Amino acid sequence: MATLIAPSNHSPQEDAEALRKAFEGWGTDEKSITVILGHRNVYQRQQIRRVYEEIYQEDLVKRLESEIKGDFEKAVYRWILEPADRDAVLAHVAIKSGKNYNVVVEIATILSPEELFAVRRAYLHRYKHSLEEDVAAHTSGHLRQLLVGLATSFRYVGDEINPRLAQTEAEILHDAVKEKKGSYEEAIRVLTTRSKTQLVATFNRYREIHGTSISKKLVDEGSDEFQKALYTAIRSINDHIKYYEKVVRNSIKRLELMRMHSLVCL
């Protein structure tokens, strides 16, 4: 895995001046932007943004928006934002596109309660309405209940586990998620209110009872958005590292298939 090695003798003023120079002329010097911002840690990037605004009386992020386009713009724009602000932007794009609610689920389930609250605050400041308001406006039914519940949760963080509750709620999840005989509302209540430690205990108890993981064969090509969001929530809560490993693997596979397809077309 690549590691970011930021220079210890970093000068925010020199970087700000170099970025300004990259913006001037007939075309934007994207290579210089990458060399500077791609080799600075989050604290250094915030220093550059602050110094740039002090010197040139303009927001660096807004200048970047006007200078670069496409995927490069998205990557640089999100790279320079503070984590909470970046996640707020990612959530907003996902909601407005209506195509990838997994982003909202990932943010709501993987971050700590304090981090999620910071994202909600950043979202409200940037878009002048709440994250849960936008989620509710663009979804309906069980998907809305799940996403709003996840986005507004403030879970207990601790190691306490209630084994009896894990047993009971493992069966609630089995009936609703697997057998589709129970109440989805009850399954949503469990997933949006219990601590992550308690939920992992519930998922482990499910495996012990039924001999398979709760997420096994939960989604297929015919799954709707609610089922996909449910799957993402369970995987992210249970082990977000393994979840992201699978996301990265699948992305690499898709890129390889696209490359092969383009070669065949040639």
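Quick caveat: nothing in here was measured; it's all calculated off a predicted structure.

Parameters and conventions
- Residues numbered from 1 in each chain as written.
- Predicted model: local features only at pLDDT ≥ 70, side-chain atom pairs only at ≥ 80, totals over all residues.
- Heavy atoms only, no water.
- Helix = DSSP H or I, 4+ residues; strand = E, 2+ residues; numbered from the N terminus.
- Expected span 1.5 Å × (residues − 1).
- Buried < 20%, exposed > 50% of the residue type's maximum accessible area, 1.4 Å probe, protein only.
- Contact = heavy atoms within 4.5 Å.
- Polar contact = N/O pair within 3.5 Å; in protein donor to acceptor, adjacent residues only side chain to side chain.
- Axes fitted to C-alpha atoms, helices over the stretch in contact; angles between N-to-C directions.
- Parallel < 35°, antiparallel > 145°, perpendicular 65-115°, else oblique.
- Left-handed = near helix turned anticlockwise from the far one by under 90°.
- Nonpolar A, V, L, I, M, F, W, Y, C, P; charged D, E, K, R; others polar.
- Patch = residues over 30% accessible without salt bridge, like charges linked within 9 Å, V, L, I, M, F, W, Y side chains within 5 Å.
- Areas by Shrake-Rupley, 256 points an atom, 1.4 Å probe, with all protein chains shown as cover.
- Salt bridge = Lys/Arg side-chain N within 4 Å of Asp/Glu carboxyl O.
- Lys, Arg positive; Asp, Glu negative; His and termini not counted.
- Charge placed at Lys NZ, Arg CZ, Asp CG, Glu CD.

Visitor: Mind showing me how you'd approach helix α3 (residues 42-56) here?
Guide: Note on helix geometry: an α-helix contains 3.6 residues per turn, so any two residues three or four positions apart are oriented the same way. The terminal C-alpha atoms of α3 lie 21 Å apart, and with 15 residues this matches the ideal 21 Å at 1.5 Å per residue to within 8%. Buried residues of α3: Gln 44, Arg 45, Gln 46, Gln 47, Ile 48, Arg 49, Val 51 and Tyr 52, and no others. Next to the buried residues of α3 lie α1 (12-23), α2 (30-37), α4 (60-67) and α5 (70-80). Of the residues flanking the start of α3, the one acting as N-cap is Asn 41, its side-chain oxygen 3.2 Å from the backbone nitrogen of Tyr 43. Immediately beyond the C-terminal end of α3, within one or two residues, lies Gln 57, with a positive phi of roughly 60°.

Visitor: Explain the packing of helix α10 (residues 141-151) against helix α12 (residues 184-193) here, please?
Guide: Closest axis-to-axis distance for the α10/α12 pair is 9 Å, and the angle between their directions is 15°. Considering their axes alone, α10 and α12 lie roughly parallel with respect to each other. At the point where α10 passes α12, the crossing takes the right-handed sense. For the pair formed by α10 and α12, the contact residues are His 142, Gln 145, Leu 146, Gly 149 and Leu 150 on the first element and Tyr 184, Glu 185, Ile 188, Leu 191 and Thr 192 on the second. The class makeup of the residues in the contact of α10 with α12 is five nonpolar, four polar and one charged.

Visitor: Can you help me understand a positive patch on the surface in this one?
Guide: A surface patch of like charges, here positive, comprises Lys 216, Lys 217, Lys 246, Arg 249 and Lys 253. With respect to the secondary-structure elements, Lys 246 resides in helix α15 (residues 240-265). Judged by relative accessible area, Lys 246 falls into the partly exposed class, the value being 31%.

Visitor: Can you walk me through the environment of Tyr 77 in this structure?
Guide: Checked against the element boundaries, Tyr 77 lands in helix α5. Exposure remark for Tyr 77: the relative accessible area of 14% places this residue in the buried category. C-alpha of Tyr 77 to C-alpha of His 174: the two residues are 97 residues apart in sequence and 42 Å apart in space. In this structure Tyr 77 touches Val 61, Glu 65, Val 89 and Arg 126, once residues within four positions along its chain are discounted.

Visitor: Quick question: what am I supposed to make of the packing of helix α7 (residues 102-110) against helix α14 (residues 225-238) here?
Guide: When two helices pack together, their arrangement is given by the angle between the helix axes and by the axis-to-axis distance. Their axes nearest at 9 Å, the elements α7 and α14 cross at an angle of 30°. As judged from the angle between their axes, α7 and α14 are roughly parallel. Remark: the crossing between α7 and α14 carries right-handed chirality. Facing Asn 102, Val 105, Glu 106, Thr 109 and Ile 110 of α7, the residues of α14 in contact are Lys 228, Ala 229, Thr 232, Ala 233, Ser 236 and Ile 237. Of the residues belonging to the contact of α7 with α14, the class tally is five nonpolar, four polar and two charged.

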